[in-house]
Amino acid sequence: MKEPTVLLKQKYQRLREIFALARQRYLEAGGDPRRPTDNRYLTNEEKQEAFEIGVQVFGVQENQTK
């Protein structure tokens, strides 16, 4: 397996930031800290950005959820 590039690391970090933001919003809304969150706590723009970065980072494309 080859070493990830700096750009790939930056994109992966951005994905982590987006998911951390969703987690924070979930917890602030009274969510159970022992359960995972979902994409309901992201804006449409954040969902789209996460989807696009995910395709670039992981190279897998699935049907985008609503």
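So, here is what we can say about the structure in this document.

Cut-offs and rules
Residues numbered from 1 in each chain as written. Predicted model: local features only at pLDDT ≥ 70, side-chain atom pairs only at ≥ 80, totals over all residues. Heavy atoms only, no water. Helix = DSSP H or I, 4+ residues; strand = E, 2+ residues; numbered from the N terminus. Buried < 20%, exposed > 50% of the residue type's maximum accessible area, 1.4 Å probe, protein only. Areas by Shrake-Rupley, 256 points an atom, 1.4 Å probe, with all protein chains shown as cover. Salt bridge = Lys/Arg side-chain N within 4 Å of Asp/Glu carboxyl O. Patch = residues over 30% accessible without salt bridge, like charges linked within 9 Å, V, L, I, M, F, W, Y side chains within 5 Å. Phe/Tyr/Trp six-rings, centres within 6.5 Å; stacked < 30°, edge-to-face > 60°. Contact = heavy atoms within 4.5 Å.

**Description of the overall build of the protein chain**
So, point 1. Secondary structure assignment for the protein chain yields 2 helices and 0 strands.
So, point 2. In the protein chain, buried positions account for 17% of the 66 residues.
So, point 3. Approximately 5,600 Å² of the protein chain is accessible, and the part contributed by carbon and sulfur atoms is 52%.

**Focus on the pattern of salt bridges**
So, point 1. Across all of its chains, the model carries 6 salt bridges by this definition.
So, point 2. Of the charged contacts in the structure, one is a salt bridge between Arg-14 and Glu-49, with a shortest N-O distance of 2.9 Å. Note that Arg-14 is positioned in helix α1 (residues 6-28) and Glu-49 in helix α2 (residues 44-58), a separation of 35 residues in sequence.
So, point 3. One salt bridge in this structure joins Asp-32 and Arg-34, with 3.3 Å as the shortest N-O distance.
So, point 4. Overall, the relative accessible area of 74% leaves Arg-34 in the exposed class.
So, point 5. When salt bridges with common partners are traced through the structure, they connect Arg-14, Glu-17 and Glu-49 into a single cluster.

**Comments concerning a nonpolar patch on the surface**
So, point 1. Among the surface-exposed residues, Tyr-12, Phe-58 and Val-60 lie close enough to one another that they form a single nonpolar patch of about 320 Å² accessible area.
So, point 2. Overall, the relative accessible area of 51% leaves Val-60 in the exposed class.

**Things to note about the packing of aromatic side chains**
So, point 1. One pass over the structure, following the stated rule, counts 2 aromatic pairs.
So, point 2. Judged by centre distance (6.3 Å) and plane angle (85°), the rings of Tyr-12 and Phe-58 are edge-to-face. A residue pair is termed long-range when its members are at least 10 positions apart, and Tyr-12 in helix α1 and Phe-58 in helix α2 qualify at 46 residues.
So, point 3. Take Tyr-12: its relative accessible area is 41%, and that puts it in the partly exposed class.

**Considering the side chain of Glu-46**
So, point 1. Along the chain, Glu-46 turns up in helix α2.
So, point 2. Residue Glu-46 is classed as buried on the basis of its relative accessible area of 12%.
So, point 3. Apart from the residues lying within four places of it in its own chain, the contact partners of Glu-46 are Ile-18, Leu-21, Arg-25 and Tyr-41.

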